Amino acid sequence: TGATGATGTAGTNGATGATGATGTDSTVAGPTGSAGATGATGATGATGADAPTGTYVLKAGDTLTGVLTMAAGANLTGGRLLLPAATSAATSALIGANSSLYQTAWIGGVQSLFIDGANLTVSKTGAPTVIDINSSSSNTAIRYIANGTLKWLHGRTNSTNTFDLSEQGVGTHLTIMPGGQFKLPSCDDSTNTFRLGTTVDLYENGTDVLRTPDSLTIDTNLTVSGNSTLGDVSTDTITHTGRLIVRTVTFAASMNADVAGSTAEVVFCSSDSKFYGCTSGGAAGAATWAAFH
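Residues numbered from 1 in each chain as written. Predicted model: local features only at pLDDT ≥ 70, side-chain atom pairs only at ≥ 80, totals over all residues. Heavy atoms only, no water.

Where strand β9 (residues 163-167) and strand β10 (residues 171-176) come together, five bridges link them in antiparallel fashion. Bridge pairing in β10 places Ser 166 opposite Thr 172. Hairpin remark: β9 followed by β10, antiparallel, with three residues in the connecting loop; positive phi at Gly 169, about 80°. (Pairing = 2+ DSSP bridges. Helix = DSSP H or I, 4+ residues; strand = E, 2+ residues; numbered from the N terminus.)

Across the two faces of strand β16 (residues 266-269) the burial differs, with Val 267 and Cys 269 buried and Val 266 and Phe 268 not buried at all. Pairing between strand β15 (residues 247-249) and β16: three bridges, direction parallel. Within β16, the residue paired with Val 249 across the bridge is Cys 269. (Buried < 20%, exposed > 50% of the residue type's maximum accessible area, 1.4 Å probe, protein only.)

Our focus in this paragraph is the pattern of salt bridges. Between side chains of opposite charge, a pair can form as their charged atoms come close. The final tally for this structure, using the stated rule, is two salt bridges. A salt bridge links Arg 195 to Asp 201, with the nearest nitrogen and oxygen atoms 2.3 Å apart. Relative accessible area serves as the criterion here: at 42%, Arg 195 is assigned to the partly exposed category. Arg 247 serves as the salt-bridge partner of Glu 265, at 2.5 Å between the closest nitrogen and oxygen. Here Glu 265, found in the loop between α1 (255-258) and β16, pairs with Arg 247, found in strand β15; they are 18 residues apart in sequence, far enough to count as distant. Take Glu 265: its relative accessible area is 19%, and that puts it in the buried class. (Salt bridge = Lys/Arg side-chain N within 4 Å of Asp/Glu carboxyl O.)

Structure representation (structure tokens):
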């Protein structure tokens, strides 16, 4: 019997097929979708309640109309701010961090605007700075307190039409008359003087008498109409650096007969070119004269 034949070898896989060609994009548009249905209207929201307190901020361009009412009756109406409670420092209108404004009854019970905690500065660029105090009263005053003493700048628009600087309880120190004349009614004794510079004083020393306790130097002429007294004690000296020219008289008969004089008077007589001294004063015919030479 013949032998069994050998097992055959398996066949090899076939080669990989070639890659297929890339497909072409379709250019046909899809169908248009239909419009969606309109949504239902939402419900109206509830009205918000007014806030009784809080902070309200007005932005640029906002307009406030009507009346804005604030605490303690304060309100803003017609463009005017009313602060009825601002009558003390504690309830004042605060300006900045430290300055406040309020109304108070000042000296004499007069209602006044009080500025607390700050100096008052008025500044204007360009044209002159003007502070107007406009009053229909015939007596309008600026008052200020210096070291506890009330001072006045008092303008009078009545019949006197003057401007006064005065001090309460003391009197008027300076008056400017309508024609520009200065009056210093307080300068009426040696303790109330008109001071020139730092040391020179002038004051009234009786009716129509001007006095200074200081020296007086006149650089040009001095004309005196009326009596003059030079020196007040016998030790005072009168020095004539220039020429001393005494009164000139004349006589027809004699000095004693024709010339009146005062005791101790010295004159020059042009009738006889002599100097005379009066030893006994009197009218012409009564006075006694003695020639110096």
